[in-house]
Amino acid sequence: MEIRIGIQHSPREIVIESEEKAAALLERLSAAVADGSPVTLVDDKGRTVLVPGAKLAYAEVSTEEPRRVGFLG
């Protein structure tokens, strides 16, 4: 799934692809915002991103299915 995270006072958003379950991810992000603590995310390629919970502006989690290519017939 694709995760887009906005950080306050930052013009760019963080975009990562992750295999983590959406419900678990949203729970971790909500706890980080409530506590003001950082949350660590790991993408599909093994890269680690540390997001400051106190500065999190928004999080968008996309769980859409991949687009189908081809013709029906």
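Structure first, text after, so check above.
Residues numbered from 1 in each chain as written. Predicted model: local features only at pLDDT ≥ 70, side-chain atom pairs only at ≥ 80, totals over all residues. Heavy atoms only, no water.

### Digging into the sheet that holds strand S2 (residues 13–17)
Line of reasoning, step 1. Taken in spatial order, the three strands line up as S2-S1-S5 in an open sheet, and their pairing is antiparallel. The outermost strands of the open sheet, each flanked by one partner alone, are S2 and strand S5 (56–62). Neighbour to neighbour, the strand axes of the sheet diverge by 15° on average, direction disregarded.
Line of reasoning, step 2. Across the sheet, helix H1 (residues 22–35) is in contact with strand S1 (2–7) and S5; its angle to S5 comes to roughly 175°. (Pairing = 2+ DSSP bridges. Helix = DSSP H or I, 4+ residues; strand = E, 2+ residues; numbered from the N terminus. Axes fitted to C-alpha atoms, helices over the stretch in contact; angles between N-to-C directions. Contact = heavy atoms within 4.5 Å.)

### Regarding the nonpolar core
Line of reasoning, step 1. In this structure, Ile3, Ile5, Leu25, Leu29, Val39, Leu41 and Val51 are the most contacted members of the largest nonpolar core, which totals 13 residues.
Line of reasoning, step 2. For this core, the secondary-structure elements that each account for two or more residues are S1, H1, strand S3 (39–42) and strand S4 (48–51).
Line of reasoning, step 3. Contacts of Leu29, omitting those with residues within four sequence positions, involve Ile5, Val39, Leu56 and Ala59. (Core = buried A, V, L, I, M, F, W, Y, C linked by side-chain atoms within 4.5 Å. Buried < 20%, exposed > 50% of the residue type's maximum accessible area, 1.4 Å probe, protein only.)

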